[in-house]
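Here's the letter readout for the chains.
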Amino acid sequence: MSALLEKIASSQKAALEAMAQANQAQDLEKARVDFLGAKGQLTELTRAVGTLPPEERPQAGQAANVALKAVKAAHQEAVARLAKAQTQKAALDVTLPGRRRPIGHQHLIGRVMTEICEIFERLGFSVVEGPEVETDYYNFEALNFPADHPSRDMQESLFVGDKLLLRTHTSPVQIRTMEQRKPPVWVVAPGKTYRRDDDITHSPMFHQVEGLVVDEGVTMADLKGVLSAFATSFFSPDTAIRLRPSFFPFTEPSAEVDIACVLCGGKGCRLCKGSGWLELLGSGMVDPALYNFVGYDPKKVSGFAFGLGVDRAAMLKYGLSNIRHLYEGDLRFLEQF
Ligand code: FA5
């Protein structure tokens with residue numbers, strides 16, 4: 001056998017060993033370059049076949065081709081083996097940290113609304129609901145709003161049809177409830193409300209919780225007692241409230257209810273503009289005129305009602321300066337609650 005044949009045989013053996021032993025991509029690449037590259041051992045030996053005497057060339061050429069084929073096949077095999085090992089390694093690497101799925105939570109407004117309703121439920125109220133698209137009758141007329149009241153204007157309320165609007169408050173639920181139930185009535189009605197309002201403390205869509213009590217012998221003292229119990233439970237045990245004369249077409253007398261400033265406790269600061277108080281809700285004794293709309297006897301029953309701004313309550317409790325933060329959907333803000 002010629003010396004070249006021997007060299008081809010031993011180069012093939014060395015190449016196959018190198019390919020089989022390569023456990024890293026870079027080792028395999030080195031083996032490929034060493035044996036099959038442009039200046040690789042086997043490539044050079046194949047080239048050398050041309051320098052042999054003509055009678056020796058066929059045998060040496062054939063041996064070189066067989067060796068090249070075998071080593072290329074071994075290289076392909078090694079590539080596949082390393083790729084498979086790589087995927088298995090990735091799939092089975094139990095030391096990698098697990099991927100946490102992001103878990104959402106209830107929006108601050110939803111949570112505050114639930115909390116408010118639960119406080120009133122503990123005081124004996126039950127929860128009722130009404131539609132967000134309301135008729136002029138329930139939103140205004142049955143609540144004693146005069147025909148020319150400014151809030152009936154298209155500029156103030158969001159009408160969606162003739163005498164059909166997005167409710168501007170939750171008070172229409174008072175009428176719907178009294179139509180369906182006989183006294184005693186102790187209900188709260190949470191829900192969305194809509195107005196043509198937009199600034200840092202007013203949003204076009206916001207939330208209210210309506211309260212309505214109609215029973216025998218209900219007085220303004222009951223109104224104050226219930227709202228005081230709410231304020232101490234929702235804000236802090238020493239939260240004071242005050243009633244300020246106000247006007248609503250469906251309550252008489254009417255009162256705005258303020259809580260002692262959550263920041264300064266009543267001394268006066270920037271938040272309460274020096275007054276020591278923050279406005280929380282509107283309220284009053286149910287105007288007996290409403291009982292005519294629902295068939296209650298004003299001589300037998302009396303009641304009080306209130307409409308609490310949920311967004312306002314959340315802002316006061318958590319010290320938020322801009323109502324828009326609640327509706328921009330920015331998780332960096334929302335995740336804090
Ligand atoms: C009313 O809506 C009356 N229906 C409340 C009421 C019910 C009075 C029962 C008597 C008896 P008012 O317009 O003041 O009242 O709104 C009540 C509360 O809703 C306000 O104190 C405020 O906290 C909140 N509010 C009103 N408009 C907006 C708004 N655009 N964005 C956020 N909160 C608002």
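Up top is the structure.
Residues numbered from 1 in each chain as written. Predicted model: local features only at pLDDT ≥ 70, side-chain atom pairs only at ≥ 80, totals over all residues. Heavy atoms only, no water.

Student: Quick question: what am I supposed to make of the nonpolar core here?
Tutor: Within soluble globular proteins, side chains that are nonpolar tend to cluster in buried spots. Of all hydrophobic cores here, the largest spans 43 residues; its most connected members are Ile-116, Phe-120 and Leu-280. Counting residues per element, the ones that place at least two in this core are α5 (108–122), β6 (205–215), α8 (220–234), β8 (251–260), β9 (277–286), β10 (302–309), α10 (310–318) and α11 (331–334). Per element, the largest residue contribution to this core is seven residues, and it comes from α5. Contact partners of Leu-280, with chain neighbours within four places excluded, come to Phe-230, Phe-235, Val-257, Asp-258, Ile-259, Leu-308, Gly-309, Arg-312, Ala-313 and Leu-316. Val-128, Met-178, Ala-189 and Val-286 belong to the second-largest nonpolar core, a separate cluster that totals 23 residues. (Core = buried A, V, L, I, M, F, W, Y, C linked by side-chain atoms within 4.5 Å. Buried < 20%, exposed > 50% of the residue type's maximum accessible area, 1.4 Å probe, protein only. Helix = DSSP H or I, 4+ residues; strand = E, 2+ residues; numbered from the N terminus. Contact = heavy atoms within 4.5 Å.)

Student: Please clarify how the packing of helix α2 (residues 25–36) against helix α3 (residues 41–48) should be interpreted in this entry.
Tutor: What describes two packed helices is the angle between their axes and the distance between those same axes. Packing of α2 against α3 brings their axes to within 3 Å, and their N-to-C directions diverge by 15°. Considering the angle they form, α2 stands roughly parallel to α3. Touching Asp-34, Phe-35 and Leu-36 of α2 are Gln-41, Leu-42 and Thr-43, all from α3. (Axes fitted to C-alpha atoms, helices over the stretch in contact; angles between N-to-C directions. Parallel < 35°, antiparallel > 145°, perpendicular 65-115°, else oblique.)

Student: Just checking my understanding: could you explain the site of the ligand for this structure?
Tutor: Close to the ligand lie 25 residues; His-169, Ser-171, Arg-195, Asp-197 and Ser-203 are nearest. At 3.0 Å, a backbone N or O of Ser-203 approaches a nitrogen atom of the ligand. Take Gln-208: an N or O atom from its side chain is 3.1 Å from an oxygen atom of the ligand. The protein chains hide 93% of the 680 Å² of surface that the ligand would expose on its own. Elements that contribute at least two residues to the shell around the ligand include exactly β6, β9 and β10. The biggest single contributor to the shell around the ligand is β9, with five residues. Residue composition of the shell around the ligand, grouped by class: eight nonpolar, 12 polar and five charged. (Near = heavy atom within 4 Å. Polar contact = N/O pair within 3.5 Å; in protein donor to acceptor, adjacent residues only side chain to side chain. Areas by Shrake-Rupley, 256 points an atom, 1.4 Å probe, with all protein chains shown as cover. Nonpolar A, V, L, I, M, F, W, Y, C, P; charged D, E, K, R; others polar.)

Student: What is the right way to read the pairing of β9 from this model?
Tutor: The two faces of the sheet receive side chains in turn, since in a regular strand these alternate between them. Taking burial as the measure, the 10 residues of β9 include eight buried ones, the bulk of the element. Here β8 pairs with β9 via eight bridges, running antiparallel. Within β9, the position partnered with Thr-251 by the bridge is Val-286. Inspection of the sheet shows β9 paired to β10 by five bridges, in the antiparallel sense. In the sheet register, Gly-284 faces β10, and the bridge partner there is Ala-305. (Pairing = 2+ DSSP bridges.)

Student: I keep staring at unusual backbone geometry and nothing clicks. Help me out?
Tutor: Trans is the common state for peptide bonds, and a negative phi is the common state for residues other than glycine. With omega at 5°, the peptide bond leading from Pro-183 into Pro-184 counts as cis. Here Pro-184 lies in the loop between α7 (172–180) and β5 (185–194). The linkage connecting Glu-252 with the following residue, Pro-253, adopts the cis geometry, with an omega of -5°. One can find Pro-253 in strand β8. A positive phi angle is found at Lys-163, which is not glycine, with a value near 60°. Within the secondary structure, Lys-163 sits in the loop between β3 (159–161) and β4 (164–166). A residue is classified by how much of its surface remains accessible, and Lys-163, at 53% relative accessible area, is exposed. Non-glycine residue Lys-273 carries a positive phi angle of around 50°. Within the element layout of this structure, Lys-273 appears in the loop between β8 and β9. Residue Lys-273 is classed as exposed on the basis of its relative accessible area of 78%.

None of this, on its own, says anything about what the molecule does.
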